[in-house]
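This is what each chain is made of:
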Amino acid sequence: MDRDWGGKTGSGGAASEMYQNIDRRERLSKLALETIDLSKDPYFMRNHLGQFECKLCLTLHNSEANYLAHTQGKRHQQNLARRAAMQAKEASIQPQPLQKKVTPRKTIKIGRPGYRVTRQRDPHSRQRSLLFQIEYPEIEENLQPRFRFMSAFEQRVEPIDKNYVYLLFAAEPYETIAFKIPNLEVDKSSDKFFSHWSQENKMYTLQLFFKDRAGPRPNAPAAANTPAGPRLHPHHPSAENPRPNPLNPLGLQAVTAETAGPQAMPPPPQRAPASTGANGVPMGHPPPPPPPPPPPRP
């Protein structure tokens, strides 16, 4: 018999809203487990109690579905954005990766090249210079020799001496040669330091000048304490006849009794006789008084 109330046998009652939400979450969790691989999640961990942990948010979950629901939440998404910003900031501070090392090419050496070294000195600036001429007749095509300076602390052949440096020349397939030169400052101006490679003669030329550290020229006269006048030619007339001294126009030399002795003193000058007038009185003097009158006679 049909009844208007109740439910048909085996059909079950109508599902409430709460049971509908539970059923929807279960279906979504099953679908997520099929599409998402939790083994590749760096923040998913299962502890010894059988629970699931999120290492990023430090939360505990009873099931995988609960963990997947947590990953879609606001808290987990904010922590993911914060972690990405921090990693991007640290990446800009980290040092750059090392560049790939260039391995030297291994070739069969045919020996040392011929060379010629010339020591020179500039006649004007008195700078010492060295001229290197290296011959590379069997150099490889489209290749130019190279040079560089090497300090005494880089080499391992001779004892270290900081007073010298080494000038190296290299070109394939010849052996690298080095010259030991003084450790002085090199003049790097364009007209004092230059190199040239002659493709026709197969000769590499390098010339360098050392900056002058020896002071004035060796043949230069020493400077006097008092200012000197212009130097005269030896055949100049003023060189043999010097200018007279205005205080001693005759060029007389003072002689004293201490230096010349008593016999060397010149005699005193004698006065010339004065001229006299008609009355026998020297001119320029007043006349003498008249003689007294004679006494009267008795």
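Residues numbered from 1 in each chain as written. Predicted model: local features only at pLDDT ≥ 70, side-chain atom pairs only at ≥ 80, totals over all residues. Heavy atoms only, no water.

J.: Please clarify how the overall build of the protein should be interpreted in this entry.
T.: If you tally the helices and strands in the protein, you get five helices and 11 strands. The proportion of buried residues among the 298 residues of the protein is 21%. Put simply, 46% of the contacts in the protein that link residues at least 6 apart link residues at least 24 apart. Counting every atom, the protein has about 25800 Å² of accessible surface; 55% of that belongs to carbon and sulfur. (Helix = DSSP H or I, 4+ residues; strand = E, 2+ residues; numbered from the N terminus. Buried < 20%, exposed > 50% of the residue type's maximum accessible area, 1.4 Å probe, protein only. Contact = heavy atoms within 4.5 Å. Areas by Shrake-Rupley, 256 points an atom, 1.4 Å probe, with all protein chains shown as cover.)

J.: Mind showing me how you'd approach the packing of aromatic side chains here?
T.: By convention here, two paired aromatic rings are described through the distance between centres and the angle between planes. Taken as a whole, this structure holds 11 aromatic pairs when the rule is applied. With 5.1 Å between their ring centres and 50° between their planes, Phe132 and Phe179 make a pair best called tilted. A residue pair is termed long-range when its members are at least 10 positions apart, and Phe132 in strand β5 (residues 128-135) and Phe179 in strand β8 (residues 177-182) qualify at 47 residues. Neither residue differs from the other here; Phe132 and Phe179 are each classed as buried. Between the aromatic rings of Phe147 and Phe169, the centroid separation amounts to 6.4 Å while the plane-to-plane angle is 35°, which identifies the pairing as tilted. Within this pair, whereas Phe147 is found in strand β6 (residues 146-151), its partner Phe169 is found in strand β7 (residues 164-170), the two being separated by 22 residues in sequence. With a relative accessible area of 26%, Phe147 lands in the partly exposed category. Taking the relative accessible area as the measure of exposure, Phe169 reaches 0% and is therefore buried. (Phe/Tyr/Trp six-rings, centres within 6.5 Å; stacked < 30°, edge-to-face > 60°.)

J.: Before we go on, may I ask you to explain the pairing of β5 in this structure?
T.: If a strand is regular, its side chains alternate between the two faces of the sheet. Of all eight residues that make up β5, six are buried, and the element is covered over most of its length. Note: β5 against strand β11 (residues 203-210), seven bridges, orientation antiparallel. Residue pairing in the sheet places Ile134 in a bridge with Tyr204 of β11. (Pairing = 2+ DSSP bridges.)

J.: Would you mind going over the sheet that holds strand β2 (residues 52-54) with me for this structure?
T.: Where strands meet in a sheet, backbone hydrogen bonds hold them as pairs that are either parallel or antiparallel. Taken together, the three strands give an open sheet; going across it, the order is β1-β2-β3, and neighbouring strands pair in antiparallel fashion. Strands at the two margins of the open sheet, each flanked by one partner only, are β1 (44-46) and β3 (59-61). The sheet shows a mean angle of 30° between the axes of neighbouring strands, direction not considered. As paired strands, β2 and β3 are joined by three bridges and run antiparallel to one another. Counted as the bridge partner of Cys54 is Thr59 from β3. (Axes fitted to C-alpha atoms, helices over the stretch in contact; angles between N-to-C directions.)

J.: Sorry, what's going on with the layout of surface pockets here?
T.: Empty space among the atoms becomes apparent when a probe as large as a water molecule is rolled across them. Quantified by volume, the largest pocket comes out at close to 230 Å³. Taken together, the elements giving at least two residues each to the lining of the largest pocket come down to α1 (17-35) and α2 (64-71). Residue composition of the lining of the largest pocket, by class: six nonpolar, three polar and two charged. (1 Å grid on protein atoms, 1.4 Å probe; cavity = no way out; pocket = protein on both sides within 12 Å on 5 of 7 lines; lining within 4 Å. Points joined across faces, edges and corners; volume = space filled by probe spheres on them. Nonpolar A, V, L, I, M, F, W, Y, C, P; charged D, E, K, R; others polar.)

J.: Any chance you could explain the side chain of Gln155 here in plain terms?
T.: By secondary structure assignment, the location of Gln155 is in the loop between β6 and β7. Among the polar contacts made by the side chain of Gln155, one reaches the main-chain carbonyl oxygen of Ala152 at a distance of 3.1 Å. Among the polar contacts listed, one links the side chain of Gln155 to the backbone nitrogen of Val157, at a separation of 2.9 Å. Discounting residues that sit within four places of it in the chain, Gln155 has contacts with Met150, Ile160 and Tyr166. (Polar contact = N/O pair within 3.5 Å; in protein donor to acceptor, adjacent residues only side chain to side chain.)

J.: For this particular structure, what's the right way to read α2?
T.: Helical periodicity: at 3.6 residues per turn, an α-helix aligns residues three or four positions apart in one direction. When we look at burial in α2, the residues that qualify are Tyr67, Leu68, His70 and Thr71. Taken down its axis, α2 places every buried residue within 155° of arc, on the same side. Capping the start of α2, Ser63 holds a side-chain oxygen 3.2 Å from the backbone nitrogen of Asn66, two or three residues further along. (Arc of directions from axis to C-beta.)

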